[in-house]
Amino acid sequence: HVGAGTVHCAHGVLPVPAPATLALVKDRPIYSTGVQGELLTPTGAAILTTLAEDFGPMPRMTVEATGYGAGAADRSIPNLLRVVIGRDEAEAAGYETESMAVIETTIDDMNPQIYEYLMETALAEGAADIFLTPIQMKKNRPGTLVTLLVPLEKRARISDLLLRETTSIGLRWRVDQRLVCQREIVDIDTPYGPVRAKVSRRGAAVINATPEYEDCKRLAAETGTPLKTVMAAARAAMDRPA
């Protein structure tokens, strides 16, 4: 929350947020409700952008402690900084949680071949996931709902990509909470060559372990072995005790 209006500083009267503050919050989400005054100083921006890993709505949590710090300026809202410390039940159970942007648009007039390029490009640009849902639009026209799951800092870039590469003239987005297993990529040896595998954990327990499809496909093509045989060998190698 950056505030609005102007601020007096060594260089004269400058708009809020001050240039130094704007430079520090680059690629971070900010907002203003019209409250007059500088609500975020360069010092505050430096602290927040250095210590915080993520920005978004307050997540679900069990509150363990709260703290307040009061400022001297008289604002139209309480001049208080509040810190809430809590425990995420999912993280306590061994999962990871994070805030993600969900971007959506509906399309009913685009060559469907373009979707393949859109999906490949969006994933290459940093989208965590993209999927298509068939829908019925107004006047009973068949259409497609395009949904992307995107890290918050990449929302603007992926939104621009979606509008540039499709026939859509608008989109909507929101912030959702995501719960995921702890993940790591490991290398495994098979009779046909090395294969990477994605291992998902809940704490120390392995929930899922899946060989990378592209690695198995490459080895199948290189060795002339059926793909299902390569994938079965990879799974067998993963199941062997370390």
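Remember, it's a predicted structure, so these values are computed and weren't measured experimentally. (Residues numbered from 1 in each chain as written. Predicted model: local features only at pLDDT ≥ 70, side-chain atom pairs only at ≥ 80, totals over all residues. Heavy atoms only, no water.)

Caption draft 1: The nonpolar core, seen in detail. Residues Val146 and Leu148 are the most contacted members of the largest nonpolar core, which totals 14 residues. If you list the elements that add at least two residues to this core, you get strand 7 (96-107), helix 4 (113-124), strand 9 (142-151) and helix 5 (155-165). Val146 has contacts with Ile103, Glu104, Thr105, Ile107, Tyr115, Leu118, Ile130, Phe131, Leu132 and Leu162, leaving out every residue within four places of it along the chain. Core analysis: the second largest hydrophobic core is formed by 9 residues, Ala197, Cys216, Leu219 and Ala234 among them. (Core = buried A, V, L, I, M, F, W, Y, C linked by side-chain atoms within 4.5 Å. Buried < 20%, exposed > 50% of the residue type's maximum accessible area, 1.4 Å probe, protein only. Helix = DSSP H or I, 4+ residues; strand = E, 2+ residues; numbered from the N terminus. Contact = heavy atoms within 4.5 Å.)

Caption draft 2: Focus on the pairing of strand 11 (residues 182-190). As defined by bridge partners, strand 11 adjoins strand 12 (residues 193-202) across 9 bridges and the pair is classed as antiparallel. Each bridged residue has a counterpart across the sheet, and for Ile188 the counterpart in strand 12 is Val195. Hairpin remark: strand 11 followed by strand 12, antiparallel, with 2 residues in the connecting loop. (Pairing = 2+ DSSP bridges.)

Caption draft 3: Spatial organisation of the layout of surface pockets. In this structure, the second largest pocket occupies an estimated 160 Å³ of space. Lining the second largest pocket are Thr105, Thr106, Ile107, Asp108, Asp109, Met137, Thr167, Ser168, Ile169 and Gly170. Broken down by class, the residue content of the lining of the second largest pocket amounts to 3 nonpolar, 5 polar and 2 charged. (1 Å grid on protein atoms, 1.4 Å probe; cavity = no way out; pocket = protein on both sides within 12 Å on 5 of 7 lines; lining within 4 Å. Points joined across faces, edges and corners; volume = space filled by probe spheres on them. Nonpolar A, V, L, I, M, F, W, Y, C, P; charged D, E, K, R; others polar.)

Caption draft 4: A look at the sheet that holds strand 13 (residues 205-211). Here 3 strands make up an open sheet; going across it, the order is 11-12-13 and the pairing antiparallel. With one partner strand each, in any of the chains shown, strand 11 and strand 13 form the two edges of the open sheet. With strand direction ignored, the average angle separating the axes of adjacent strands in the sheet is 30°. Sitting on the sheet, helix 6 (residues 213-223) is in contact with strand 11, strand 12 and strand 13, with an inclination near 160° to strand 12. Along the sheet, helix 7 (residues 227-239) makes contact with strand 11, strand 12 and strand 13, crossing strand 13 at roughly 155°. (Axes fitted to C-alpha atoms, helices over the stretch in contact; angles between N-to-C directions.)

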